[in-house]
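Understanding the architecture of this molecule
This is what each chain is made of:
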Amino acid sequence: MAAESHALLSPSSSHRWLNCTPSARLEETVKDQGSVYAEEGSCAHALCEYKLLSLLNAEKEGKYEDEMRKALVEYEKGIKQYGGVEMEECTDMYKSIVWDKYRDAVSRTKDAELFIEKKLDFSDFIPDSYGTADAVIISDGLMEVIDFKYGKGVEVSAIGNTQMMIYALGALAAFSWEYKIERVRMTIIQPRKSNISDYELSVDELDVWKNDVLIPRADAAYEGRGEQEPGEWCKFCKIKATCAKLADKATFAYIKHENK
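**Notes on the overall build of the protein chain**
Summing up its helical and strand segments, the protein chain has nine helices and five strands in all. When the elements of the protein chain are put in sequence order from the N terminus, they spell out α-α-α-α-α-α-β-β-β-α-β-β-α-α. In terms of overall size, the protein chain behaves like a compact globule, its C-alpha atoms giving a radius of gyration of 20 Å where 260 residues would be expected to give roughly 18 Å. Its C-alpha atoms give the protein chain principal-axis dimensions of roughly 65 × 45 × 35 Å. Contacts in the protein chain between residues far apart in sequence, at least 24 positions, make up 69% of those at least 6 positions apart. Here the protein chain has roughly 14,000 Å² of accessible surface; of this, 51% comes from carbon and sulfur atoms.

**A few points about the environment of N19**
Within the fold, N19 resides in helix 1 (residues 14-19). Here the alpha-carbon distance between N19 and E229, two residues 210 residues apart in the chain, equals 6.7 Å. If sequence neighbours within four positions are ignored, N19 has contacts with E229 and W233. For N19, the side chain forms a polar contact with the main-chain oxygen of H15, separated by 2.6 Å.

**Re the pairing of strand 5 (residues 195-202)**
Note that strand 4 (residues 181-190) and strand 5 share eight bridges and pair antiparallel. Bridge assignment links R185 to a residue of strand 5, and that residue is E200. A loop of four residues connects strand 4 with strand 5, the two strands running antiparallel in sequence, and S194 in this loop sits at a positive phi of about 50 degrees.

**Some thoughts on the nonpolar core**
One recurring pattern in soluble globular proteins: nonpolar side chains tend to sit buried together. Ranked by size, the top nonpolar core spans 34 residues in total, and within it W17, I126, M143, V145, V184 and L214 carry the most contacts. Elements with a contribution of two residues or more to this core: helix 1, strand 2 (130-138), strand 3 (141-148), helix 7 (162-175), strand 4 and helix 8 (203-223). If you tally residues by element for this core, the top one is helix 7, at nine residues. Aside from chain neighbours lying at most four places away, what touches I126 is L9, W17, I166, L214 and A218. With 31 residues, the next largest nonpolar core counts C48, Y75, L114 and F148 among its residues.

**What about the pairing of strand 4?**
For strand 4, the buried fraction is high: seven of the 10 residues fall into the buried class. With eight bridges connecting them, strand 3 and strand 4 associate as parallel partners. Residue pairing across strands places L142 opposite R183, the latter belonging to strand 4. Viewed along the sheet, the connection from strand 3 through helix 7 into strand 4 turns out right-handed.

**Points about helix 6 (residues 85-108)**
Taking 1.5 Å as the rise per residue, helix 6 with 24 residues should run 34 Å; its terminal C-alpha atoms sit 35 Å apart, in good agreement. The complete set of buried residues in helix 6 reads M87, C90, T91, Y94, I97, V98, W99, K101, Y102, A105 and V106.

**Details of the sheet that holds strand 2**
Pairing is mixed in the open sheet, where five strands are placed in the order 1-2-3-4-5. Lying at the two open borders of the sheet, with one neighbouring strand each, are strand 1 (113-121) and strand 5. Each adjacent strand pair in this sheet contributes to an overall mean axis angle of 30 degrees, direction not counted. With respect to the sheet, helix 8 is in contact with strand 4 and strand 5, its orientation differing from that of strand 5 by roughly 85 degrees.

**Here we look at the pattern of salt bridges**
The final tally for this structure, using the stated rule, is 21 salt bridges. For R103, the salt bridge goes to E59, with nearest N and O atoms at 2.3 Å. Taken together, the residues span a long stretch of sequence, with R103 in helix 6 and E59 in helix 3 (residues 36-59) at a distance of 44 residues. You can call E59 partly exposed: its relative accessible area is 30%. Taken together, the shared-partner salt bridges connect K101, E144, R183, R185 and E200 into one network.

**A short note on unusual backbone geometry**
Trans is the common state for peptide bonds, and a negative phi is the common state for residues other than glycine. The phi dihedral of E61 is positive, around 55 degrees, even though this residue is not glycine. Its place among the elements puts E61 in the loop between helix 3 and helix 4 (65-76). Unusually for a residue other than glycine, D128 sits at a positive phi of about 55 degrees.

What counts, and where the lines are drawn
- Residues numbered from 1 in each chain as written.
- Predicted model: local features only at pLDDT ≥ 70, side-chain atom pairs only at ≥ 80, totals over all residues.
- Heavy atoms only, no water.
- Helix = DSSP H or I, 4+ residues; strand = E, 2+ residues; numbered from the N terminus.
- Rg over C-alpha atoms; globule rule 2.2 N^0.38 Å.
- Contact = heavy atoms within 4.5 Å.
- Areas by Shrake-Rupley, 256 points an atom, 1.4 Å probe, with all protein chains shown as cover.
- Polar contact = N/O pair within 3.5 Å; in protein donor to acceptor, adjacent residues only side chain to side chain.
- Pairing = 2+ DSSP bridges.
- Core = buried A, V, L, I, M, F, W, Y, C linked by side-chain atoms within 4.5 Å.
- Buried < 20%, exposed > 50% of the residue type's maximum accessible area, 1.4 Å probe, protein only.
- Right-handed = clockwise from strand over helix to strand, strands pointing away.
- Expected span 1.5 Å × (residues − 1).
- Axes fitted to C-alpha atoms, helices over the stretch in contact; angles between N-to-C directions.
- Salt bridge = Lys/Arg side-chain N within 4 Å of Asp/Glu carboxyl O.

Spelled out as structure tokens, the structure:
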């Protein structure tokens, strides 16, 4: 999904701030250094966008010419360094899966819509939060939210994925007034790990999670309330090197292991 660098409570870091609510404010003063992996991912995302827009443009008789040019410019920023056969193959896989899902939606609902790089507002349930979904497909009964992951380090599952659930809620807020949506299917496509992961919830199930978990914890995170809770979500935390709670947990685990 597109960058969320200016949102304090970004969906991409939600697994961390939902479990350790003070972490978002504690990380706030640490500058994001960026990485070649992020730049490579941005290049691949731009190519995904361009390929899908090209298909939509042909179907909609030139409606997406401007968006295509912008996506191509973004892709060309990194093509010399990051482009190649692997990126072409991975983005072709993503394009084919998304387009097949869209055509299936059209077969069920004639006025089904495919949105590429759709900007979403989450501020009704997460203070000052927003983001951009890679692909959203809207049809009567079913909405699909699709995320392209170009990374090849850690395999990412859609099951219980809080980033995907937040994007689903944002898309529902944007489109549920126009379509009768009953279920949401969230899909992660990670070609370099040969990983396609799906997770489906009813709108009612998402609403319960939003009210019982997301809103209270997002409010606490925004205000910096709560206790620091070390766990596997610390892996990409910007302050993990100076976190006393994490150090205490590591020390306790070491002592326990030595005393076995």
